[in-house]
Amino acid sequence: MHHWLRTVLTTGPRQSAPITTRPVSTGRRSWLSPPGRTSVAYQRYVRQVGSASYRMEITESYRNLIALVILLLVLPESVYRAGRSGGATATAEDPTDCDVLGCGGSYACYGNGWPNYLPHRPGERYNIPLNAFHVGSSLQQGQPECLLGSANNYLPWVTQDGRLTVRPGRHALDMSNLLLNDRGFTSLVQSVSALVPLEDVQHLSLAYNALTLVPSPSLKKFPNVRLLSMSGNFFTEFYDHSAEHNRLPQLTKLRVLDMRNCSLRTLPPDFFKNVNLQYLFLSFNHITTLPPEIFYPLRSLLHLDLSNMDTRRVGEERIENPFMKLIAGVDLHQDMFFPLINLVFLDLSNTRLEYQAFIALRSVQRRVKYVSYCNIGLPAIVDYLFLAKSIEMLDISYNVGVAQSLHSASFTLLANSIEVLYFKDSMVQQLNWLAPLQKLRVLNLRGNILRMLHRESFANLSNLEQLDLSYNYISAWNQQVFTSTEALESVNLRNNSIVILTTDMLYDFSRLSAMGLGGNTIQCSCNYVKFLRNILHNRTDVPGAYTISAEPLIVGKHGIAPSVPSTKLSLQHVQLFDYDESEYLCMNFTSNQKLDPLELVDCMIPDDELINADLPELEAPVEQEHVRNYALVYILVSVAVSFLIVCGVGLFYYWFHIKYFFKIIKNSAVLSFFNDDKLYLDKSGLLKEADFHYDVFVSYSNADRTWVLDQLLPNMEGVSQINLCLHERDFEVGYGILENIISCMDRSRCLMLIVSESFLLSHWCQFEMHLAQHRLLETRRDELILVLLEDLPKRKCPKTLSYLLKTKTYIKWPTKSADEQLLFWKRLHKALLAAKG
C-alpha cells in the first residue's frame, strides 16, 4: 500500500496535509515530499493550498488523494511525540493517563509532558500537587504562578501546540497544524468521510489551523467525538448570515472542549445548546463579556477554565489611558454561574474582572471545591465570595487590594471546608483572620509584608502541615509561635528579615521535618552555630520534594502541648530543603563581613553579641511572667510528688507499726470516754495489795471455747482450786461488754491469753490483748500468761502479739503426747500458784 500511495503522490496533484513518519527533535512533523520534486517547490505548494486566497476548484482525483493521505494519517505506524519542552519523544508510563473520561480503545498514550491533575473518573478528587517550597522566582514565563496550574495539566491528550498524544487510529484523528482555512477544512472532511468511517473518531484535534468560523457542519460527521480541541484558531467574530457556525452541532457524547487561544471576544447565547460538556477550556482568549444564558445547557459541567483573558479593547493601546487599563476587564452577569450546579473546578486566574462583575461570584454553586481567583483584581474579601461554603482549595494571590479589608471573620464561611489557601503577593500585613480556619492544611503567604509572627495567629491551626512565609519582612520572635500546630511539618522562611535565632525559634524549628531559612542576614551567634551543626547533615538534595497527600492527617506527630514547656531541643530530624553555603553565611556586624558559621571555633564570640544580650527583659514581660509562673508551679509540683513518693514508701515499710500505734491511740481514746465510776466496777483492783475476786482472767475466742471448758477449766478449778474468770460465766448482767472486760481484768490477779488463729481474727480478743497490755502498764503489774494452742504464721501475727511473744515467756499446748500434756499442766499450775502466792 505504501508503494502504491507513493506512485499516486508522484504522478498526481499535491496536498498540504502532513504525514507523520518518524519523530524529530524539533517537535514538528516531518513532511513526505513526492519523488522528483524539490522540497522548496513542495513547500511553496503547501502554502498555496493552505492560504486563504486559494480558490481553484478541487477535482475528484484531488479529493481522492486527500482521502488517501488522511487514511495514511490514521494508520497505527505514525508515532506522535510531544512534550512540555518540545524535545525528545515521550515514553508511555501509564496507558490510562490520557483516557481520563473512559473514551475506550486499546491504544498507546504518551501524555503531553505536564503532570495530569484530572481525576481518574469524573467527580473524583483533582490530583493537584501542592509543592510548598518554590525556591526560585514566583513568576513562570512572565505570568504569576497560581495554585491550580494551567490547562496543560488538565489536557493530557493534546500537546501545547495542539497535536494529539495518542497513537492515531480509527478512534483518533489529528488535523492540527495543517494551515487549513474554512473551505479547505470543509472539503477535506467531505473527501475523507467517503472513505473513512468518521463515526469511530473519539479524539479530534483541529488546533492551530486558519479557521475563522466554527466548523459546525463538518463536525456533524463526528457524532461520537468525546474530546475536541479547536485551540489556536481565529474565531474572532460570529456573523448573523452564518448562523449554522454560531453554535456547536448535536454532539451528544462530547465531554471535553478545548477552545483556548481562539481570539474569542464573546460567544453566542446558544453556542453550547447541543452539547453536554464536563470540561470546558476557554483560556487565553479576549473575552470581554458573556451572555447571561451561555451556561444554561451545561448543567453537567465539572471543570471551567476562564483564565488568562487579555481584555484589552481595540484602540485602547492608542488612547494610552492608564485608568482604563486598570478598570478594563471581563463583564459577567450577576447570575452567570448559577446554572452550573455540578461545577467542581473554577479557574479565573489572571483574568481581570470588571468591578461589577465580582457580584457574579456569589452565584457559584455549592459543589465547587477548587477555585482560583488568582490575579483577578479582587478589590476586597466579602462574604458573597464564599457562599458555596464547600471550597477546599482557594487561591486569592496577587490581589493587592484585599489586604485592607481583612478582619477576623473574613473566612468564617469556609471554616468547615478549606484545606489549602494560597494568598501570595497581596500586601497582607496581619494574620488575625486565620482564627476560624481550623481545617487548614496548607497556607502559602509568600511575598507579602508580614513583619511579626504571634502565637495567637496560629492557635487554632492544629491541622496545618505546610506553611510558606518566604519573601516577607519577618523578624525574630521571642515566644514559641507554633505550639498549637501539632501537625506542622514544613515551613519556608526564605528571604525574610531574620537577624538572630532565639531559643524559642529553635524550639519551634525542632517540631518540623523540613524548612528553609536561606537568604536571611543572620548574625553570628551561638544559637545559629548550634542550629547549623545539628541540622546540616540532615539536608535533602531534592528542594521542595514534599507534596501534600489526600490521606487523613496524623495529628500530634510532632506536637507539644502548649501548656507544657519544652524540656528537650532536638534538630536531628529536620531537613534544610534549600541549603546553599552562600545563603547560610552569618554576618559579623562589627566588621561588616560574612563568615562561615561552621568555622567559628567553639562559638567564641563576645558576650555582647550573644543572642540573649540583644533581648531586653521589657520586650516580653508577660511572656517572662508566664515562664516564671511555670517554673514555680513545676517546682511545687515536683516537691509535692517527691513528698508523696517518700510517704508512700514509708507507709509500705512501716505500715504495721503505724497501724499498731493508731490502735493504741484508739483504745486509749475509747477508755478516756468512760468515767471512773463506770470504768471500775471495783476500784480495789487498782491497789497492789487489794484482794482479788479471780485468780486468772481468761481471754479466748468462741472457736476455742471447747478447749477452755473441757481442758482448762477442769484442770484449774477442779485440781488446783484456781479461780478462773470466764466472760460467759462471770460477766455481770446489765453492764456493757467493755465495762465488764475492764472490771474483770482489774479484779483478776493474772491475765491469760489463749492464742490461736481464731483469736487473731476476733476483734474483741484483739481489743482484750491491747487492753491487757495497756492495763498492765498502767497498774505496773507484770502478770500475763500466754498460751499458744497452735503454731502461728509470722505474717499473721500482729505487732502487739509479736512484741508480747518477744518480751514474755509463753507456754505451748502439746497435741501429740499425753506425757507432754501432763508436763504442760504442771508448768501452768506452778506459774499460777506462784502468782497467787
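Residues numbered from 1 in each chain as written. Predicted model: local features only at pLDDT ≥ 70, side-chain atom pairs only at ≥ 80, totals over all residues. Heavy atoms only, no water.

### Observations concerning the overall build of the chain
Looking only at helices and strands, the chain has 19 helices and 25 strands in total. For the chain, the proportion of its 837 residues judged to be buried stands at 50%. Look at the contacts in the chain between residues 6 or more apart in sequence, and 69% of them connect residues 24 or more apart. Surface exposure of the chain reaches about 40,200 Å², of which carbon and sulfur atoms provide 55%. (Helix = DSSP H or I, 4+ residues; strand = E, 2+ residues; numbered from the N terminus. Buried < 20%, exposed > 50% of the residue type's maximum accessible area, 1.4 Å probe, protein only. Contact = heavy atoms within 4.5 Å. Areas by Shrake-Rupley, 256 points an atom, 1.4 Å probe, with all protein chains shown as cover.)

### Overview of the nonpolar core
Membership of the largest hydrophobic core comes to 123 residues, with the highest contact counts inside it found for Phe-272, Phe-337, Leu-394, Phe-411, Trp-433, Phe-509 and Phe-531. In terms of residue count, helix α9 (residues 526-535) provides more of this core than any other element does, 5 residues in total. Beyond its immediate stretch of four places on either side in the chain, Trp-433 contacts Leu-406, His-407, Ser-408, Phe-411, Leu-421, Phe-423, Val-428 and Leu-445. (Core = buried A, V, L, I, M, F, W, Y, C linked by side-chain atoms within 4.5 Å.)

### Points about a nonpolar patch on the surface
The grouping of Val-633, Val-637, Val-641, Ile-645, Val-649, Phe-652, Tyr-653 and Tyr-654 at the surface amounts to a nonpolar patch, some 870 Å² of accessible area in total. Position of Ile-645 relative to the elements: it lies in helix α10 (residues 621-653). (Patch = residues over 30% accessible without salt bridge, like charges linked within 9 Å, V, L, I, M, F, W, Y side chains within 5 Å. Salt bridge = Lys/Arg side-chain N within 4 Å of Asp/Glu carboxyl O.)

### Concerning the sheet that holds strand β24 (residues 784-788)
Spatially, the 5 strands line up as an open sheet ordered β22-β21-β23-β24-β25, and their pairing is parallel. At either margin of the open sheet sits one strand with a lone partner, and together these are β22 (724-725) and β25 (810-812). Across 5 bridges, strand β23 (residues 748-755) lies against β24 in parallel orientation. Bridged to Ile-754 within β24 is Val-787. Of the strands in this sheet, β21 (694-699), β23, β24 and β25 touch helix α19 (residues 818-836), which is tilted by about 150° from β23. (Pairing = 2+ DSSP bridges. Axes fitted to C-alpha atoms, helices over the stretch in contact; angles between N-to-C directions.)

### Re the state of the cysteines
A disulfide bridge is the covalent bond that connects two cysteines by way of their sulfur atoms. All chains considered together, the criterion is met by 2 disulfides. Two residues, Cys-146 and Cys-374, share a disulfide whose sulfurs are 2.1 Å apart. Between Cys-146 and Cys-374 the disulfide shows an S-S torsion of about -65°. By sign, it is left-handed. Of this pair, Cys-146 sits in the loop between β2 (143-144) and β3 (172-174) while Cys-374 sits in the loop between β10 (370-372) and β11 (393-395), and the two are 228 residues apart along the sequence. (Disulfide = S-S within 2.5 Å.)

### Topic: the environment of Asp-270
With respect to the helices and strands, Asp-270 occurs in the loop between β6 (256-258) and β7 (279-281). With relative accessibility at 27%, the residue Asp-270 sits in the partly exposed group. Residues Asp-270 and Glu-293, spaced 23 residues apart in sequence, show a C-alpha to C-alpha distance of 7.7 Å. Ignoring anything within four residues of it in the chain, the contact list for Asp-270 reads Asn-246 and Arg-247. Only 2.4 Å separates the side chain of Asp-270 from the side chain of Arg-247, close enough to count as a polar contact. (Polar contact = N/O pair within 3.5 Å; in protein donor to acceptor, adjacent residues only side chain to side chain.)

### What to know about helix α4 (residues 182-193)
The end-to-end C-alpha separation of α4 is 17 Å, in line with the 16 Å expected for 12 residues at 1.5 Å each. Turning to α4, its buried residues are Phe-185, Ser-187, Leu-188, Val-189, Ser-191 and Val-192. (Expected span 1.5 Å × (residues − 1).)

### Details of the sheet that holds strand β20 (residues 593-595)
Strand order in the open sheet made by the 3 strands is β17-β19-β20, with mixed pairing throughout. The sheet terminates laterally at β17 (522-523) and β20, the two strands that pair on one side only. Bridging between strand β19 (residues 586-588) and β20 involves 3 bridges; their strand directions are antiparallel. Directly across from Asn-588, in β20, lies its bridge partner Gln-593.

### Focus on the packing of aromatic side chains
One pass over the full model with this rule turns up 22 aromatic pairs. Here the aromatic rings of Tyr-154 and Phe-345 are separated by 4.9 Å at their centres, their planes lie at 65°, and the arrangement is edge-to-face. Here Phe-345 lies in strand β9 (residues 345-347) and Tyr-154 lies in the loop between β2 and β3, a separation of 191 residues in the sequence. Exposure class is identical for Tyr-154 and Phe-345. Each is buried. Aromatic rings pair up to connect Phe-458, Trp-477, Phe-482, Phe-509, Tyr-528 and Phe-531 into one cluster. (Phe/Tyr/Trp six-rings, centres within 6.5 Å; stacked < 30°, edge-to-face > 60°.)

### Some thoughts on the pattern of salt bridges
Applying the stated criterion across every chain yields a total of 16 salt bridges. Among the salt bridges present, the one from Arg-163 reaches Asp-161, with a minimum N-O distance of 3.1 Å. On the basis of relative accessibility, which here comes to 25%, the residue Asp-161 falls in the partly exposed class. The residue Asp-270 makes a salt bridge to Arg-247 at a minimum N-O spacing of 2.4 Å. Highlighted residues: Asp-270 in the loop between β6 and β7 and Arg-247 in the loop between β5 (227-229) and β6, separated in sequence by 23 residues.

### What to know about the side chain of Asn-399
Within the fold, Asn-399 resides in the loop between β11 and β12 (420-422). From its side chain, Asn-399 meets the backbone nitrogen of Leu-378 in a polar contact 2.9 Å long. Only 3.0 Å separates the side chain of Asn-399 from the backbone oxygen of Ile-396, close enough to count as a polar contact. Excluding anything up to four places from it in sequence, Asn-399 contacts Tyr-373, Cys-374, Asn-375, Ile-376, Gly-377, Leu-378, Asp-425 and Ser-426.

### Quick word on the confidence of the model for the chain
Summing up the model confidence of the chain, the mean pLDDT is 76 and the portion of residues at 70 or higher is 71%. Contacts from residues 542-567, a stretch scored under 50 in pLDDT, to residues over four places away or in other chains number 49 contacts. This stretch, residues 605-622, has a pLDDT under 50; its non-local contacts, to residues over four places away or in other chains, come to 26 contacts. (pLDDT = per-residue confidence, 0-100.)

### Thoughts on the packing of helix α13 (residues 705-719) against α19
Angle between the axes and distance between the axes are the two parameters that describe a pair of packed helices. Closest axis-to-axis distance for the α13/α19 pair is 11 Å, and the angle between their directions is 55°. With respect to each other, α13 and α19 are oriented oblique. Between α13 and α19 lies a crossing of right-handed hand. Here Trp-707, Gln-711, Leu-712, Asn-715, Met-716 and Val-719 of α13 lie close against α19, whose contacting residues are Phe-824, Trp-825, Leu-828, His-829 and Leu-832. Considering only residue class, the contact of α13 with α19 consists of 8 nonpolar, 3 polar and no charged. (Parallel < 35°, antiparallel > 145°, perpendicular 65-115°, else oblique. Left-handed = near helix turned anticlockwise from the far one by under 90°. Nonpolar A, V, L, I, M, F, W, Y, C, P; charged D, E, K, R; others polar.)

### Observations regarding the environment of Ile-500
Looking at the element boundaries, Ile-500 is found in the loop between β15 (490-492) and α8 (503-509). Looking at Ile-500, the relative accessible area reads 11%, which means it is buried.

### Points about the side chain of Ser-756
In this fold, Ser-756 is placed in the loop between β23 and α16 (757-761). Ignoring any residue separated from it by four or fewer positions in sequence, one finds Ser-756 in contact with Ser-701, Asp-704, Leu-789, Glu-790 and Leu-792.

### A closer look at the pairing of β24
Buried residues dominate β24, accounting for 5 of its 5 residues. A two-sided burial pattern is seen for β24, the buried positions comprising Leu-784, Leu-786 and Leu-788 on one face and Ile-785 and Val-787 on the other. Direction of pairing for β24 relative to β25: parallel, over a ladder of 3 bridges. Bridge pairing in β25 places Val-787 opposite Ile-811. In this region the chain leaves β24, passes through helix α18 (residues 799-807) and returns to the parallel neighbour β25; the handedness of that crossover is right-handed. (Right-handed = clockwise from strand over helix to strand, strands pointing away.)

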